[in-house]
Amino acid sequence: MKHSPRVACVAILAAILIPGSLSAQQLDLGKSLQQAKALQKERRYDDANNLLRQLAAEYPKNADVRVVWGRLYLEHWQPADAEDLFKEAVQIDDKNAGALLGLALVRAEGFGSAADLAHQALKNDPHLVEAQELLARLALEDNNETRARDEAHKALEMDPKSVEGRAVLATMDWLADKKDSSWDPHDAHGYELAAHFFMLNRRYTESVALYRKALELDPNLYTARSQLGLNLMRLGRMDEARKELELCWNAHFTDNATTNSLRLLDTMKNFTTFKTDNTVLMLDKKEADLLHPYFETEMKKVIATYEKKYKFKLEHPVQVEVYPNHEDFAVRTMGMPGLGALGVTFNYSIAMDSPSGRPPGEFHWASTLWHEMSHVFTLSMTNSKIPRWFTEGIAVHEETAANPEWGDRVGPEEITVVKDHRLLAIAELDRGFIHPTYPSQVVVSYFQGGQIVDFITQKWGWDTVLAMIKDYGQNEETPAVIRKELKIEPDEFDKQLNAFIDSRLGETVTHYSQWKDGMKTMIELAGKKDDDAVIKQGLAIRDMYKDYVEAGSVYEFLATAYADKKDMPDAIDELMRYAHAGGRSPATLKLLAKDLTEANRKKEAADILDRLNYIYPVDGEAHHMLADLWLDQGNAAGAAREFAAELAYKPINPAEAHYGLARALNAENQPEKAKDEVLSALEIAPGYRDAQKLLLKLSSSKQDLPK
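Residues numbered from 1 in each chain as written. Predicted model: local features only at pLDDT ≥ 70, side-chain atom pairs only at ≥ 80, totals over all residues. Heavy atoms only, no water.

Caption draft 1: Up close: the overall build of the protein chain. Helix and strand counts for the protein chain come out as 35 helices and five strands. For the protein chain, the spread of C-alpha atoms along the principal axes amounts to about 110 × 60 × 55 Å. The long-range fraction of contacts in the protein chain, counting pairs at least 24 apart against all pairs at least 6 apart in sequence, stands at 58%. Taking the average location of the 85 positive side-chain charges in the protein chain and that of its 110 negative ones, the two points are 2 Å from each other. (Helix = DSSP H or I, 4+ residues; strand = E, 2+ residues; numbered from the N terminus. Contact = heavy atoms within 4.5 Å. Lys, Arg positive; Asp, Glu negative; His and termini not counted. Charge placed at Lys NZ, Arg CZ, Asp CG, Glu CD.)

Laid out in structure tokens, this is it:
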């Protein structure tokens, strides 16, 4: 959003009107700052920047110069530079309200105590309405409507014409479907702010309408036009999005989100689209043949499962866009690179990383798909009125409901927060997603949301979750929903939730420090090749933290030590524990599959490799291994899929892959297709004896005449 401009040197400019009250030097400074702000308003950023650089050199001890300069950088999409200038201003004058407000505005878009800084600014300047407006905005972003309403009214008491104060109050009415709000700001910036809140609440269609309303009043409000373009992209309306973003570009509004999004739209020509009655799948051409069978099958499965589970029929096909370049996915989502998420849902559209967009084994694409698809249902069921914490909590719950081995494992961040009793109250949990106060709080909030839904499902049942979804669709707030559906007070729920989490993680939390020390010892022992000591140490600490399946897990150390001692049954057992605990390393899972095959446990080996398809299907060797195992077990259809995947991966030995596919197709009683594959193998390797034999067999087989 674009914040309303602040007169950074109010006292100086006001005093200009009082003859004799200021020196000539001060008058010159006041006029120069006024000139810089006028240049900024005209979007003559270079001229304003040059003037302010000169003023900073002439007045090195003047905090207001740096405040005005910082606001220029903040408007010009350079928050880091703006923050540096605000900090310099605070060093010059730690009571400067404008500098404190500037820091608050920067922190409001990232980590840190934006509200505390805004309060400090108000303490030093009780009439600083923009700081009060920021407090109202922050409260509403946290979904704390009571506090947002109080803070907005305070802004209106300070300035009855406060656009943002009125916009916050109007937004609360509009979010509650009160179409005619008495607080309607009738102002472009007010509608822009309201559109921002609808975007945060994933109500993109209404957000688009409000951005358009803002632009009707001020066609040159390019912050709103750029956001309009981004929201049109979120709705999959790419042509309209391009038009709005190009208008920004042509007007020299070239912030990173606008620029990146236009570049991304140019890359979309590299995608291939696959459609069914209820799915639209968009894949990069270079991996479409490989991923299409896996993704489309899983999309169909999850929609069928959820329509039954949620008792809700989707009205439109679900579109899934799969990006092999993570930064393209980030730009598609936020307009900016650097996003840590794996997938994002926009109504009926899902954008997500491709398995090839992350290091092998870093994420589980099927788990991510089930997570995001649950958002399609919960957002559709509530017209996006469901709180962020609850829709995310349901999505996290669904990952392990689909398969206990899916979903993210509990990490050190969550263990530390549970140990220190720093989980947020349920009524405040949205704050952990919108305004985190420490870098890992978003991750912790996902964990906590998932635990809440696990707890409710276990104690009150899934139908209670569905009832809560319905309540949120009717604009009820979390405390009221807890009282209505769970029959307890929110504070009591928080206590019971903590006890539930302790029952799950208590042993890990209690022994976490001991586990860390034991890991260090085990690593040292492994370095000395002392297998017996490694085994003794590993068995002593393994079950203290069963969820740890990252690189260098206890399971892997134990398996290596057992294998060194030629004790393959125990080595296999440890790797099976690793797999069932949610381990995702393709190399480790392939090693396990090979060990199981050699131990004549071929069905289990095939199960492990099939599991790998849901994690990292970009592995030709794994596809070939699974295809051979399934063909040996009589699963010709599965083998054909895997050989086809190997071919799509561009194998080192394509002749062998074509021959394998021919064998599978022949076993499926598709002789003509099998013959085509044999011929492809022989075109590559004319002397391939096994392929020659199969071709002879296919050519000499009896062919029925058509009736």
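Back to the text.
Caption draft 2: Local environment of helix α24 (residues 478-486). For α24, the full list of buried residues reads T478, V481, I482, E485 and L486. Along the long axis of α24, the arc covered by the buried residues comes to 100°, so they all point the same way. Packed against the buried residues of α24 are α19 (388-402), α22 (441-459), α23 (462-473) and α25 (490-527). Trailing α24 by a residue or two, K487 shows a phi angle of about 65°, which is positive. (Buried < 20%, exposed > 50% of the residue type's maximum accessible area, 1.4 Å probe, protein only. Arc of directions from axis to C-beta.)

Caption draft 3: The arrangement of the packing of aromatic side chains in detail. Counted according to the given criterion, the structure contains 30 aromatic pairs. Aromatic pair W69 and Y73: ring centres 6.1 Å apart, planes at 35°, arrangement tilted. A residue pair is termed a helical-turn pair when its members lie 3 or 4 positions apart in one helix, as W69 and Y73 do in helix α4 (residues 63-75) at four residues. According to the relative accessible area criterion, W69 is buried, its value standing at 11%. Look at W389 and F390: their rings are 5.1 Å apart centre to centre, the planes differ by 50°, and that puts the pair in the tilted class. Neither W389 nor F390 differs from the other in exposure class; each is buried. Ring-pair connections join several aromatic residues into one group, and the members of that group are F295, Y306, Y310, F312, W365, W370, F377, W406, W462 and Y614. If you follow K309 out to its NZ or CZ, it ends over the ring of W462, 4.4 Å from the centre. The ring of Y438 is capped by R422, whose NZ or CZ atom sits 5.0 Å from the centre of that ring. (Phe/Tyr/Trp six-rings, centres within 6.5 Å; stacked < 30°, edge-to-face > 60°. Lys NZ or Arg CZ within 6 Å of the ring centre and 35° of its normal.)

Caption draft 4: View of the nonpolar core. Core analysis: the biggest nonpolar cluster contains 134 residues, and V318, V320, M373, F390, I394, F493 and W515 have the highest contact counts within it. If one sorts the elements of this core by residue count, α25 sits on top with eleven residues. Aside from chain neighbours lying at most four places away, what touches V318 is N278, T279, V280, M299, I303, Y348, I350, M373 and V376. In this structure, L193, F197, L228 and L235 belong to the second largest nonpolar core, which totals 49 residues. (Core = buried A, V, L, I, M, F, W, Y, C linked by side-chain atoms within 4.5 Å.)

Caption draft 5: Region of the structure containing the layout of surface pockets. A volume near 600 Å³ is recorded for the second largest pocket. Among the elements of the structure, α9 (145-158), α10 (163-175), α21 (430-434) and α24 are those that each provide at least two residues to the lining of the second largest pocket. Per element, the largest residue contribution to the lining of the second largest pocket is three residues, and it comes from α9. Looking at the lining of the second largest pocket residue by residue, the class counts come to ten nonpolar, seven polar and ten charged. (1 Å grid on protein atoms, 1.4 Å probe; cavity = no way out; pocket = protein on both sides within 12 Å on 5 of 7 lines; lining within 4 Å. Points joined across faces, edges and corners; volume = space filled by probe spheres on them. Nonpolar A, V, L, I, M, F, W, Y, C, P; charged D, E, K, R; others polar.)

Caption draft 6: Up close: the sheet that holds strand β4 (residues 343-346). Strand order across the open sheet formed by five strands is β1-β2-β3-β5-β4, with mixed pairing between neighbours. In this open sheet, the two strands that pair with only one neighbour each are β1 (271-275) and β4. Strand-to-strand twist across the sheet, computed as the mean angle between neighbouring axes with direction ignored, equals 15°. Bridging between β1 and strand β2 (residues 279-284) involves five bridges; their strand directions are antiparallel. Each residue of the ladder has a partner; that of F271, found in β2, is D284. (Pairing = 2+ DSSP bridges. Axes fitted to C-alpha atoms, helices over the stretch in contact; angles between N-to-C directions.)

Caption draft 7: Representation of helix α18 (residues 365-382). Helix length check: α18, at 18 residues, gives a terminal C-alpha distance of 26 Å against a target of 26 Å (1.5 Å per residue), a fit within 8%. Taken across its 18 residues, α18 has 16 buried, putting it largely inside the fold. One or two residues past the end of α18 sits N383, with phi positive at roughly 55°. (Expected span 1.5 Å × (residues − 1).)

Caption draft 8: Inspection of empty space enclosed by the protein at higher detail. Taken as a whole and assessed by the stated rule, the structure comprises two cavities of 30 Å³ or more. Within this model, the largest cavity holds a volume of roughly 140 Å³. Lining the largest cavity are 16 residues, with N143, L200, N201, R388 and D430 positioned closest to its centre. Those elements that provide at least two residues to the lining of the largest cavity are α8 (129-141), α11 (188-200), α19 and α21. Split into classes, the residues belonging to the lining of the largest cavity amount to eight nonpolar, four polar and four charged. Taken together, H364, E405, W406, A579, G582, G583, R584, R611 and I615 make up the lining of the second largest cavity. Taken together, the residues that form the lining of the second largest cavity break down as three nonpolar, three polar and three charged.

Caption draft 9: The side chain of N347, seen in detail. Its location among the elements puts N347 in the loop between β4 and β5 (349-353). With sequence-adjacent residues up to four places away left out, N347 is seen in contact with R202, Y204, T205, L235, V376 and S384.

Caption draft 10: Region of interest: the pairing of β4. Side-chain alternation along β4 places G343 and T345 on one buried face and V344 and F346 on a second face that is also buried. The pairing of β4 with β5 spans four bridges and is classified as antiparallel. Counterpart to T345 in the pairing with β5 is I350. Here β4 folds back onto β5 in antiparallel fashion, the turn holding two residues, of which N347 has a positive phi close to 55°.

Caption draft 11: Summary view of the packing of α11 against helix α12 (residues 204-217). At a closest axis distance of 8 Å, the pairing of α11 and α12 adopts a crossing angle of 170°. Judged by the inter-axis angle, α11 sits roughly antiparallel to α12. Crossing handedness for the pair α11 and α12: left-handed. Contact residues: α11 offers A188, Y191, E192, A194, A195, H196, F198 and M199, while α12 offers Y204, E206, S207, L210, Y211, K213, A214 and L217. Residues of the contact of α11 with α12, tallied by class, amount to eleven nonpolar, two polar and three charged. (Parallel < 35°, antiparallel > 145°, perpendicular 65-115°, else oblique. Left-handed = near helix turned anticlockwise from the far one by under 90°.)

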